[in-house]
Every structure is written in structure tokens, then in C-alpha cells.
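Chain and residue survey
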Amino acid sequence: METFTLPCASQSVGPANQLIGLLINTLLASQCALSPPEMWPKDYGPTALEKGFEEYDFIVVGAGSAGSVVASRLSENPNWKVLLLEAGGDPPIESEMPCMQFTLQNTPYDWNFRTAPSKKSSLSHPNGILWSRGKFLGGTSGMNHMLHLRGNNRDYDRWEMDRNVGWGWNTVLQYFKKSEDMLNDQLINTVAATNHGRGGPLKIDTFRNTDPMRDALQTAAIELGHRIIPDIYGDEYLGFGSASANIDNGTRCSSARGYLVPARDRPNLHVIKNAHVTKVKIDPLTATATGVYITFNKMTEMIVNARKEVILSAGVINTPQILMLSGIGPQKYMKKLNIPMVTDLPVGKSLQDQITVPFFMKIPKNTQGPPVQVPIENVPQPPTETPICPHGIHQKKPVEFTREEMDAFYHYLTKRNISESYILDFVGFFNTVNLTDRYPDIQIQYNLFKMGDKAIFLKFLEIMGYDESINRILESAIDQGDLLISWIILLQPKSMGKLKMQTANPLDALHINHKYLEKRDDVDTLVRGIEIQKKFLLTMAFRQNQVEELQIPILTCGINDGTKRYWDCYSRHMVTTTYNTVGTAKMGPDTDRMAVVDPRLNVRGVKGLRVVDASIMPTLPSGGVNAPTVMIAEKASDIIKEDWIARESLATRLEL
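Throughout what follows, the structure given in this document is the object of discussion. Because the structure is predicted, anything quoted here is derived from the model rather than measured. (Residues numbered from 1 in each chain as written. Predicted model: local features only at pLDDT ≥ 70, side-chain atom pairs only at ≥ 80, totals over all residues. Heavy atoms only, no water.)

1. Observations concerning the layout of surface pockets
- When its volume is computed, the second largest pocket comes out at roughly 730 Å³.
- Taken together, 29 residues make up the lining of the second largest pocket; nearest its centre are Ala87, Trp111, Lys135, His276 and Lys298.
- Of all elements in the fold, only strand 3 (113-114), strand 12 (275-283) and helix 10 (315-325) reach the threshold of two or more residues within the lining of the second largest pocket.
- Among the residues forming the lining of the second largest pocket, the class breakdown is eleven nonpolar, eleven polar and seven charged. (1 Å grid on protein atoms, 1.4 Å probe; cavity = no way out; pocket = protein on both sides within 12 Å on 5 of 7 lines; lining within 4 Å. Points joined across faces, edges and corners; volume = space filled by probe spheres on them. Helix = DSSP H or I, 4+ residues; strand = E, 2+ residues; numbered from the N terminus. Nonpolar A, V, L, I, M, F, W, Y, C, P; charged D, E, K, R; others polar.)

Structure representation (C-alpha cells):
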């Protein structure tokens, strides 16, 4: 590798300069290797604009967790031409770095949806709650916490019991496994080995955070009598365990990386980026979807035609918006917005979210001095002849990093080590009502911010959107020690929200009414979950580490007297999203008045149109939704193949 001369060359006899130059080049090369533009599928948009849009067999809308899967799987048939439309572009470098997920939120790479303020819950969020969704290849799978959680067998057996034929656990498990490539040999060799997939597109590996607090959590859990589950993907659902994540050699494995990158050179798969789908083109005489309308790079609206199907994989918010703009939705809203009706369906309803309440704990670091702030603009820059990574840098203003943070990023770039990230792999599942029930109603997971981690932590506070008085308390805590956040997650909320369009303009925001905690049971379950976490403070492991509850003063809640009344009030103020939302285009049988799609994911009353994403889930799985969304896309791809291969075979026989 070539070396270069630094401005301070007069102070060196040569080798030091060469070593420093080599180090800088190595770091830049490592940065470039995270997300090189040539790795991602080529943008077919410029070619389409020059030569005109072709006609495709299938048009897939959205290259996120589900759309990347569907486009890849359908294009496995060389006789089918597939078009994948994505409103964003390639993932930024921050998407590939597991420790940087917070920095993508509230940026141009985020759809930046926001809920309406509520008078009953999230009272300390004066501006509503930011519902981040990825706007680039990979979608939200490129900016989530990466934890790979499926839920449990009862979640999916309930789907089938509600007459969603073919969606029971024994069926969906094969699609989870088909999607997965479990890289941890220890898990493959456990008694639950049959639950793991090998060789699938989505890389899954375990990581163990190396901070002593991770081990203290496990020791405290054992003190309290909680079971440590060797493999949380087995048939035991209650207790603590180590979650796996969608990572490959320390780099995020989003759906785009797992499914689109291997398929990028297929001649029958075209990907058009920065293409915003505004509505589905529907033949009014036959009620058949024949294509989509798009605005490409903010140009005039254009039409792309589909011979077989349009598949909406635009997500829990964008999919219902596209449906409603196309005349598919609640009749009373369509009439108000003067949108011609195609079919009256409860689109945008049955909205469910796995809500969470944070429980904050501080770990004093009295022996340390104040962190040394190193403004990024003062870090020595390499000379202009140094190879610069050709990625754009999108910063509103310079970010201040501490030396500890810079050390962590250095270790990541040189070793791809995510063991020092803000994510703790330790997760727990509990049934707070019935100790003999083997299925959980609460999940607990953790983030750990180290003393002085201001650069990332201030971004975290920005996206959380709490009152300034709460932010001041949290900022003060991170200046004085480490901050451990326990997220008390309600797995099966009974409260349901809804979303609706406010105008017929596809660029206008939807009105999102989350309706958190409208059902009394939801509050009670969260409070019981808080009580589980509070008991950790009494353990020897926590006392030895000086872990204390961080008091969050909320004026209307009064003094924290530890009573249910206080934690009820606290929950109503602090409850927020886990970004695990489902249900806005619910799957169900003909008898389900709230169903938008049937069990084969066809939109009711419209031919040639399916929905394949998290919006079809009838109820929430007891864990994250990314892995289940990939599973849905895998199963949907097989359903679509079955349907069309059968039709093509019949057509061939009729011709003969």
C-alpha cells in the first residue's frame, strides 16, 4: 500500500510517518469495505428513463425486510421478470455498523413517521413519538437493533386457530429455518438444533457484550431464581438467555444484504431506487391491479405495468397509505378525500405495537475524571492524495466524541468487534400473571451507555423525544457514571390503534393514533414487569456494582413511593414504541370483518394484488417482528410461486 507524508514529517525519521499513514489508509479501507456502492444492486432507474419502462411479471413495492426477500425469491425463476421499487437508495455506512443504529433515526434515511400526541399515554412525549422506518435498501432491517427473535409456537398456532390456514407453528418454522444461516455451532449442537436453519440467506450469530455489567445481570438473575435458557430458540420460553443477531463477521446482515446482494446480477431482476410509489393502477372494470404509479427522483408521475401481480411490501404505514390512495380502504375516509372507491376494507385499523417502558439505573464512576471531549473537526485529516471513501457524509453539525467512543469505533473498524456496542445480548421473558404458564407476557432487554458517551447518547435522547426536564436528568446521569436502561416490553397489548390519511397527497403524513394503554390490562402488566426489574436492585450482584435506580421526577406523579399508583402514572408518561408494529392490513378468513387480505395474502376484492409485510400479521409475535416478517416473505414467495406455476401449467394444458 502506498504511503504519504504528513505535515509533521520534519519530526520523524520516516518509519513513524509510514506507520501512521498505513494506519489511516487501513482505517479508510475498512470504512469503505462496510458498504461499497458496487456491492448493492445497480440502479435500473436511469436506464428505464432513457429507454422506457418495460413490462414486468411482478412488481414488488419496497425493498425492506419483506420486499428484498420476495424480489429475490421470485427472480429465482428465470422466466419471470421482476421489478423492485425502493423509495430510498443504498444503505449508508452507519447502517452496516451495529453500534450506530441510533444515528440513522430522524435523518433522510428514515421515513420519520410521528404519532399524534395523546392525552392518555406517552404524556412525557409532547410532540408525539417518532416511529422510525428505514428508507433505503433493507428498510427497517437496516436500522433496527438486529436481535433475531421469532416469538413462540402459541403465537402462530393462534393465527391458524383463527382460520388462517397454513400459518401454524409447524408450517412457519420451516420458513424461519429456510431464511436462516445460524453461524453459532454451539447452538446448532444443542437439543434445540432442529429449530435452527443453516445455509439460508440471513446470517445469524451470537455476540456477548464484554462489559462487566452484562455478567452482573446474569448473576443477579440467577440470584433471583430466574432460569438461564441455553437456547432461547428452543421450546422453553420463560427465563433469561442470550439473543442472537443478524450479523455476519461483525457487520449487519439486513434483508437487502442477505437476499438482494446475492441476486444483484440476475438479468431478470431490476431494482429502481428513489422511486416513490403513489398508488396501484387498478382496472375499474375487472378490479385487477395492472401496475403502479411512481414518482422517480421527484419527477412527473409515471406508470409501470405488471402482467401478473403487484406485491405491496412497503411496511405497516406505507402499505396502507398506498392501498387507500388506490381506493382500497374505509369508505367514509375515501369519500371525504374524493378518492374513487374500489373496495371498502378496514385498512389502517387493527394497529398493534409492542410498547415499552424504560426503567433507568445508574452506575456511579466516582474514580474517573471528566471525559475529554475531542471535536471531530479537530481530528487530523489525511492529505488529499489519501484514498477517500466515496460515501457521502450527512451531518447537520460536527459531533463531539470522547476518546472512549473513538477507541470503541477504532476497535470496531479494525476488528469488527461489536461486543462493546450499546446493545446487551441478555434478554428475558416472563409471565407476570400465571407462574405455571409457559408463555410470556413481558420481555426485558437492555441498553448500556458508558460514562461520557455523549455523541451517541444525545442522539438517543433526540429520538426518544422526552420532556426537556427528563433529558436533563439523563444527561446529568451519563456525566457521572454509566446508564443501564431496562426496557419493559409488553408482548401482547390489548389496546389497538389506527391510522388514516388526512389528505389525498401521497407526500403528506398520515394521522397515527397509537392508543397506547387504553386497556387497563396493559398498564397492569407493564407495572408487574417493572416490579420484576426492581428486584434486581436488591441482589448482591447489583449492590457490588453500585447499581441504583435513577429517579425520574415527573411532577404529576408525585414522589416515587414505590407504589403501584406511582408506577402506573410513570408508565403512562414514559411508555413508548419498540418499533414492532403490525396489523394495518390484517390477514384473516372471509368471516373476519377486520381482515384486509386472505390467508394467501390476496387483497380482498382486487385481483393481482397482494400484501407481504408485517401489516398482515393478525396479532403480534412474542418477540421482535423482523424475523417473522422475513418468514412471512419466504412463505408468501412460495405461495405466489405455487399459484402462478399452477396457472401456467393449466394454460399450457389447455393450449395442447
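2. Quick notes on the nonpolar core
- Ranked by internal contacts, the top residues of the largest apolar core, which has 181 residues, are Leu323, Leu484, Phe542, Tyr570 and Leu609.
- The dominant element in this core, judged by the number of residues it contributes, is helix 18 (residues 626-655), at nine residues. (Core = buried A, V, L, I, M, F, W, Y, C linked by side-chain atoms within 4.5 Å. Buried < 20%, exposed > 50% of the residue type's maximum accessible area, 1.4 Å probe, protein only.)

3. Examining the side chain of lysine 641
- With respect to the helices and strands, lysine 641 occurs in helix 18.
- In this structure, lysine 641 is in contact with Arg73, Leu74, Glu76 and Trp80, ignoring residues within four places of it in sequence. (Contact = heavy atoms within 4.5 Å.)

4. Here's the deal with the side chain of serine 313
- By the element assignment, serine 313 lies in the loop between strand 14 (302-312) and helix 10.
- Judged by relative accessible area, which is 5%, serine 313 ranks as buried.
- There is a polar contact of 2.8 Å between the side chain of serine 313 and the backbone oxygen of valine 612.
- Ignoring anything within four residues of it in the chain, the contact list for serine 313 reads Val60, Val61, Gly62, Ala66, Gly67, Thr319, Val612 and Asp613. (Polar contact = N/O pair within 3.5 Å; in protein donor to acceptor, adjacent residues only side chain to side chain.)

5. Section: the sheet that holds strand 6 (residues 202-206)
- Strand order in the open sheet formed by three strands is 5-6-8, and the pairing between neighbours is mixed. Each having just a single partner strand, strand 5 (180-182) and strand 8 (244-245) make up the two edges of the open sheet.
- Helix-sheet contacts for helix 6 (residues 169-179) involve strand 5 and strand 6, and the interaxial angle to strand 5 is about 65°. (Pairing = 2+ DSSP bridges. Axes fitted to C-alpha atoms, helices over the stretch in contact; angles between N-to-C directions.)

6. Concerning the packing of aromatic side chains
- Tallying each qualifying case throughout the model produces 25 aromatic pairs.
- Both rings, one in tyrosine 566 and one in tryptophan 567, keep their centres 5.0 Å apart while their planes meet at 80°; by these two values the pair is edge-to-face. An identical accessibility class is assigned to tyrosine 566 and tryptophan 567; each is buried.
- Each member of the aromatic cluster is reached from another via a ring pair, and the members are Phe102, Tyr422, Phe449, Phe457, Phe460 and Trp487.
- The ring of tryptophan 111 carries lysine 135 above its face, with NZ or CZ at 4.5 Å from the centroid.
- Here the basic side chain of lysine 635 rests over the ring of tryptophan 167, its NZ or CZ set 5.0 Å away from the ring centre. (Phe/Tyr/Trp six-rings, centres within 6.5 Å; stacked < 30°, edge-to-face > 60°. Lys NZ or Arg CZ within 6 Å of the ring centre and 35° of its normal.)

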